[in-house]
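Now for the letters of each chain:
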Amino acid sequence: MFSRDEKKMENALSVGYFQLFRFATWTDTVMMVVGSFCALVHGAASPLMLLVYGMMTNTFVAYDLEAQELKDPNKTCNNNTIYWINGSIYETAENSTVYCGVDIEAQMTMFAYYYIGIGLGVLVLSYFQIYFWVFAAARQIQRIRRIYFRKVMRMEIGWFDCNSVGELNTRISDDINKINYAIADQVSIFIERLSTFVFGFMVGFIGGWKLTLVVIAVSPLIGLAAGLMAMAVARLTGRELKAYAKAGAVADEVLSSIRTVAAFGGEEKEAERYDRNLVEAQTWGVKKGTIIGVFQGYLWCIIFLCYALAFWFGSKLVIDTKELSPGGLIQVFFGVLMAAMNLGQASPCLEAFASGRAAAKSIFDTIDREPEIDCLSEEGHKLDKVTGDIEFHNITFHYPSRPEVKVTLFICMKIKAGETTAFVGPSGSGKSTTIQLIQRFYDPKEGMVSLDGHDVRTLNIRWLRSLIGIVEQEPVLFATTIAENIRYGRPGVTMEDIISATKEANAYNFIMELPQQFDTLVGEGGGQMSGGQKQRIAIARALIRKPKILLLDMATSALDNESEAVVQEALDKVRTGRTTISIAHRLSTIRNADVIIGFEHGQAVEKGTHSELLEKQGVYFTLVTLSQDKCVFVGLCCKLEDDEDEHVEPAPVARILKYNQPEWPYMLLGSLGAAVNGSVNPIYAVLFSQILGTFAIQDLNKQREQINGICVLFCIVAVISFFSQFLQGYAFAKSGELLTRRLRKVGFQAMLRQEIGWFDDATNSPGALTTRLATDASMVQGATGSQIGMIVNSLTSIGASFIIAFYFSWKLTLVIMCFLPFLGLSGLFQAKMLTGFANEDKKAMEAAGRVSSEALANIRTIAGLAKESSFVESYEQKLELPYKSAKKKANIYGFCFGFAQCVIFMAYAASFRYGGYLVSSEGLQYMFVFRVISAVVISGTALGRASSFTPDYAKAKIAAAQFFQLLDRVPKISTSPSDGVKWENFRGNIEFLNCKFTYPTRPDTQVLKGLVVSVKPGQTLAFVGSSGCGKSTSVQLLERFYDPDEGQVLIDGHQSHSVNVPFLRSQIGIVSQEPVLFDCSIAGNIQYGDNTRSVSMEEIVEAAKKAFLHDFVMTLPDKYETQVGAQGSQLSRGQKQRIAIARAIVRNPKILLLDEATSALDTESEKTVQSALDEARKGRTCIVIAHRLSTIQTADIIAVMSHGVVIEQGTHQTLMAKKGAYYKLVTTGAPIS
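Residues numbered from 1 in each chain as written. Predicted model: local features only at pLDDT ≥ 70, side-chain atom pairs only at ≥ 80, totals over all residues. Heavy atoms only, no water.

## Things to note about the overall build of the chain
- A tally of helices and strands in the chain yields 40 helices and 22 strands.
- Across the 1233 residues of the chain, 53% fall into the buried class.
- Pairs at least 24 residues apart make up 80% of the contacts formed inside the chain by residues separated by at least 6 positions.
- Just so you have it, the chain exposes about 53,800 Å², and 58% of that area is on carbon and sulfur atoms. (Helix = DSSP H or I, 4+ residues; strand = E, 2+ residues; numbered from the N terminus. Buried < 20%, exposed > 50% of the residue type's maximum accessible area, 1.4 Å probe, protein only. Contact = heavy atoms within 4.5 Å. Areas by Shrake-Rupley, 256 points an atom, 1.4 Å probe, with all protein chains shown as cover.)

Quick look at the structure:
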């Protein structure tokens, strides 16, 4: 399956990037080209600003030099040159004149205009760049959605079997969104960043090529660090996940076999085992954090060393060779830096492109696939007159989703027009499949189905399906009114037709009693209606088609007796004169059919009327005998509307931190590191402006000294930041991983504490719970460790910047602070843009999503009604709204983006202009202007960064809340060792008094309806009855997995719900039909029988001998240390069964429960196991549930159950003499299942 060449695989699994635009019209193309052009020009704006910045620096330096000269009262300025007062020209030591008369305010005003011009240009350009790309993408995505949905609706049913509905829904929403990300604004931002990269280097090379080359020479070190870090993190994350996967496997194994764990009291043991496996994951997590810390430290260290090198070399060029002006130095340095930064920032876009290409693969594959049975095609004949003879010729068939299971429908049969034919047989024998072949949901592999002698494959599909009316077991209604639901049967019917159809279906009366009558909404999936009402609406919908062929697939099985009678009557009325095929589970409903066909193993084995088939004593006979005492009842698992997204209040941070209390020293250290890291940026601002200041010192030696001093400082900062980054990374990783481990363990224990009923709920399936343990806990970590670090970091950065700024010039600081909110906002916008406006999109897509998920979930019904096209139209209508909102979004988003981009230019314009004024009128040193401005701007971006971390934080709080909800849940049946009564000599006297019980997940099916039965110590009680009659349920009540709703279970005279649970379970040994073994050695599995102590090897061997297991174990190479594999997969069933028996014997229980312990075995192993059981039963109270009657004839009491009550009980002899249900079962030898 998986080739080693993963690269090749990847290429095969994604679409070429330009393929993503295959649905673009020429308008879209033009828009995208213009957008790209705007992005290119926009990218050049920042490097352009550097040119202005460099010129401005030169102006400031010249002005400062002039001011220093003119301090001497003997010098004046004339014609832009400095003269002595006596009129001779002033010359410096190097015999050069000194330029003067810099009108700094005028110059600054000019620069301010430049800035504003660039800013406005950027505003316009970035607006168009975003608007065009987002709008073009929205148009293409709408087109892709339409084409995709239309194609999916045309697919044949077999395709839907292979692609789950959930998956298709995700594809329609998530995958198409991924394509959207890959072809929208990300592209323009990518182009813009690349262009900044190119122009940045160009500015550098124009300004000074030597310095540029030096900086470039060092930059690979930065790239190397980033690359290595990414690799290391990926590998370590892999390791960490692998290590956690072990613990996850433990959790999954335990939660999947929770009943066994509970029965043997293994909760504590399992929690310990889980915790042991968490240790490894924790160490890898800490390693990962440490390595990230080291690399981050290395990165900052290199960056600061780079600064030192560049400024040192650059100042040499400025002072010694005079190749560069001070402004040129700045321009080169920042140009190269900006280019490198932008190259780095362009890489996340590549990720979006890659995921878009991967997502497009499955979507485009579907779009290009031709359906095998195209339901929207116009091809095929339409017959003028249809009588309704259906014939099956030698059909073999298998479902496309399960090619290995051949439902060898080896069928040859005729169904005559106008007759009612009934199909009967056990479930899985091919009855429903036959019906689907008639509807041509599938084509047979060999053979053919013919209608009036024509092969159905030659007929037009929509026409064929319009002849057929179908009523299913669980009728699907669509979420609209009753009238509309019936209209789906046939387009363009009048209200009179609808009314007559409902009258025929016995539905008219109940509809007229509803307040809105035919305009009543039936709710999602028909949820507002009862089963009988839904059934009758479905019948009306089938009848309004005036079908020639009527298919009834267990149409009444889901109803109670009363509504069944009504619906049955309706069906009998409408059958006359039509070809009717009826599948039924309740045989009473089909006695009066013209022909009954019995199915078994996918073959039609017998055919005849009711009386003929009874004489044959075949399949039909068995079914009839069984259903006289009890109708064979198909319990329908009714899904409760589970509000999965119950609104969870985010958890208070204080409570999360409480769990992290023991790690406070680590957190303190980490915060310390973070504080140092936060102050690095402001220090950088001080050093940077200091360097600019040195250029205005006249004494060159002093200048060199200062510059060298500053470079040394840079190096010191580099080393410090290396250590502090490392400290922050390590400390928070350690505290976070410890927290994660603690939460996982506590969460797992909380899960094991819950009562069994809690696990029946679909939201708490083992899969869901293990995922919760894996993700929620690690998400909570995001709210503590690294998050605190980030906050401390940003706060110190902002604090230090402001202190510096206010200290050097409070006036200028106040002016810049006016822009801070905008800078912060622009930081927020950038962050919001990266997370995308995803939520708003989701809202808009909801309506369309509802249509698509309803259509896909009920695809069979829609296909049966041939209504695909109306759903496609409805979907396309619903897409209009998201499209309009996308158009609006493109505008708003473009404007916000433009605004965020141009704010910084405006801020520079205002602050430098005002700075110029302060320099000239208040004699402020120009390096202070730079210092204040860079300090505040840096803190502004830090603010933006801090705010961008909020989404993770919010997620973490919600995850924590879900977690605490689990921890705070009080189980309905407490398993704590202290609650409830215990007593000394436990005898094992059990009584069930009038117990009534329904499973919490299926509130509408009462399983026990007043169970009365008792068993004395040492007796054996056997339960007999069909599946679903409540045998196993009574055992589970005894184990206290559940408590009865009414009535009592008495154990030695104590009510079960007052008994201490661990005490009670320790007295009970259980052997179930499919014994659950754990993935450890045979000895370990047997020891599991008693988790309160460690079981010695002698006892294990003793128990194994009693269970007839010892001899077999001794033949194995590792004897008792043999591993049994996951779920005991290395052993045969009989061997597993005997280990389970040995496990129950080690417990030395007073009560032994055998739940169909031998039903799954072949005869030979059954004999062995049976004798082992007989051995184990001696001297114990025993409850047996049996499928084979031969195994229970020795029981003291045999209780025959049906529908949750005991219908007769006594010994084998008394029951045989009674000639009741038990007698019938024994004499016919029929299986009870």
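## Description of the pairing of strand S19 (residues 1151–1155)
- In terms of burial, S19 is a largely internal element, five of the five residues being buried.
- Burial along S19 is two-sided: the residues Ile-1151, Leu-1153 and Asp-1155 and Leu-1152 and Leu-1154 are all buried.
- Both strand S18 (residues 1068–1071) and S19 contribute to a ladder of four bridges, which runs parallel. In the strand pairing of S19, Gly-1069 is matched with Leu-1152. (Pairing = 2+ DSSP bridges.)

## Some thoughts on the packing of aromatic side chains
- Taken as a whole and judged by the stated rule, the model has 45 aromatic pairs.
- The ring of Phe-364 is capped by Arg-22, whose NZ or CZ atom sits 4.7 Å from the centre of that ring.
- Sitting over the ring of Phe-808, Arg-931 keeps its end group 4.6 Å from the ring centre. (Phe/Tyr/Trp six-rings, centres within 6.5 Å; stacked < 30°, edge-to-face > 60°. Lys NZ or Arg CZ within 6 Å of the ring centre and 35° of its normal.)

## Notes on the confidence of the model for the chain
- Mean pLDDT over the chain works out to 77, with 84% of the residues at or above the 70 mark.
- When mean pLDDT is taken per element in the chain, helix H2 (residues 26–43) scores highest with 91 and helix H1 (residues 6–12) scores lowest with 45.
- Below a pLDDT of 50 lies the segment residues 1–11, which in the model reaches two contacts outside its immediate sequence neighbourhood of four places, other chains included.
- Contacts of residues 628–646 to residues separated by more than four positions or lying in other chains number 29 contacts, the stretch itself having pLDDT below 50. (pLDDT = per-residue confidence, 0-100.)

## Quick look at a nonpolar patch on the surface
- Taken together, the side chains of Val-676, Val-712, Leu-713, Ile-716 and Ile-720 present a nonpolar region at the surface, about 390 Å² in accessible area.
- In terms of residue count, the dominant contributor to the nonpolar patch is helix H23 (residues 700–753) (four residues).
- For Ile-716, the position within the fold is in helix H23. (Patch = residues over 30% accessible without salt bridge, like charges linked within 9 Å, V, L, I, M, F, W, Y side chains within 5 Å. Salt bridge = Lys/Arg side-chain N within 4 Å of Asp/Glu carboxyl O.)

## Describing a positive patch on the surface
- Taken together, the side chains of Arg-235, Arg-239, Lys-242 and Lys-287 make up a positively charged region of the molecular surface.
- The dominant element in the positive patch, judged by the number of residues it contributes, is helix H8 (residues 209–256), at three residues. (Lys, Arg positive; Asp, Glu negative; His and termini not counted. Charge placed at Lys NZ, Arg CZ, Asp CG, Glu CD.)

## Topic: the environment of Val-41
- Of note, Val-41 is situated in helix H2.
- Linking Val-41 and Val-122, residues 81 residues apart in sequence, is a C-alpha distance of 8.6 Å.

## Comments concerning the sheet that holds S18
- Reading across the sheet, the six strands line up as S18-S19-S20-S15-S21-S22 and stay open at both edges, with mixed pairing between neighbours. The outermost strands of the open sheet, each flanked by one partner alone, are S18 and strand S22 (1205–1210). Going from strand to strand, the sheet's axes swing by 20 degrees on average, the running direction of each strand aside.
- Here four bridges tie strand S15 (residues 1020–1024) to strand S20 (residues 1181–1185), and the two strands are oriented parallel to one another. Residue pairing in the sheet places Ala-1022 in a bridge with Val-1184 of S20.
- Along the sheet, helix H32 (residues 1031–1038) makes contact with S15, S18, S19, S20 and strand S21 (1197–1202), crossing S20 at roughly 150 degrees. (Axes fitted to C-alpha atoms, helices over the stretch in contact; angles between N-to-C directions.)

## Side note on the packing of H2 against helix H3 (residues 45–70)
- Between H2 and H3, the shortest axis-to-axis distance is 5 Å and the interhelical angle comes to 25 degrees. Taken together, the axes of H2 and H3 are roughly parallel relative to one another. Contacts between H2 and H3 involve Val-41, His-42 and Gly-43 from the former and Ala-45, Ser-46 and Pro-47 from the latter.
- Class assignment of the residues belonging to the contact of H2 with H3 gives a composition of three nonpolar, three polar and no charged. (Parallel < 35°, antiparallel > 145°, perpendicular 65-115°, else oblique. Nonpolar A, V, L, I, M, F, W, Y, C, P; charged D, E, K, R; others polar.)

## A few points about the side chain of Thr-579
- By the element assignment, Thr-579 lies in strand S10 (residues 579–583).
- Of the residues examined, Thr-579 reaches a relative accessible area of 1% and is grouped as buried.
- If near-sequence neighbours (up to four positions away) are discounted, Thr-579 is found in contact with Thr-387, Gly-388, Ile-415, Lys-416, Ala-417, Gly-418, Glu-419, Lys-548, Ile-549 and Leu-550.

## Section: unusual backbone geometry
- Of note in the backbone geometry, Asn-994 takes a positive phi value of approximately 50 degrees without being a glycine.
- Following the sequence through the fold, Asn-994 ends up in strand S13 (residues 990–998).

## Here's the deal with the packing of H8 against H23
- Remark: H8 packs on H23, axes separated minimally by 11 Å, with the N-to-C direction vectors making an angle of 10 degrees. Considering their axes alone, H8 and H23 lie roughly parallel with respect to each other. In this structure, H8 contributes Glu-240, Tyr-244, Ala-251, Val-254 and Leu-255 to the contact, and H23 contributes Glu-737, Arg-744, Phe-748, Met-751 and Leu-752.
- For the contact of H8 with H23, the per-class residue count stands at seven nonpolar, no polar and three charged.

## Description of the environment of Phe-905
- By secondary structure assignment, the location of Phe-905 is in helix H29 (residues 868–922).
- In this structure the C-alpha to C-alpha distance between Phe-905 and Ser-46, which are 859 residues apart in sequence, comes to 9.2 Å.

## A word on the nonpolar core
- With 96 residues, the main nonpolar core has Ile-144, Met-153, Phe-364, Ile-390, Phe-392 and Leu-451 as its most contacted residues.
- With 14 residues, helix H4 (residues 104–154) is the largest single contributor of residues to this core.
- Core analysis: the next-biggest nonpolar cluster, separate from the first, contains 80 residues, Val-61, Val-102, Leu-211 and Met-338 among them. (Core = buried A, V, L, I, M, F, W, Y, C linked by side-chain atoms within 4.5 Å.)

## Quick notes on the pattern of salt bridges
- As enumerated under the stated definition, the model contains 20 salt bridges in all.
- Between Lys-361 and Asp-365 there is a salt bridge; the shortest N-O distance is 3.3 Å. Taken together, the residues span about one helical turn, with Lys-361 and Asp-365 both in helix H11 (residues 326–368) at a distance of four residues.
- Given a relative accessible area of 23%, Lys-361 falls into the partly exposed group.

## Looking at H8
- Between its first and last C-alpha atoms H8 spans 68 Å; for 48 residues at 1.5 Å apiece the expected length is 70 Å, and the two agree.
- At Val-218, H8 shows its maximal bend, which comes to roughly 25 degrees, and the proline Pro-220 appears one to four places after that position. (Expected span 1.5 Å × (residues − 1). Bend = angle between axes of the 7 residues up to and from the residue.)

## Focus: the sheet that holds strand S16 (residues 1046–1051)
- The four strands are arranged S14-S13-S16-S17 in an open sheet whose pairing can be described as antiparallel. The open sheet has two free edges, formed respectively by strand S14 (1006–1015) and strand S17 (1054–1055), since each of these has just one partner strand.
- Relative to S16, S13 runs antiparallel, the two sharing five bridges. Bridged to Ile-990 within S16 is Ile-1051.
- Contacts from H32 reach S13, S14 and S16, with the element oriented near 115 degrees to S13.

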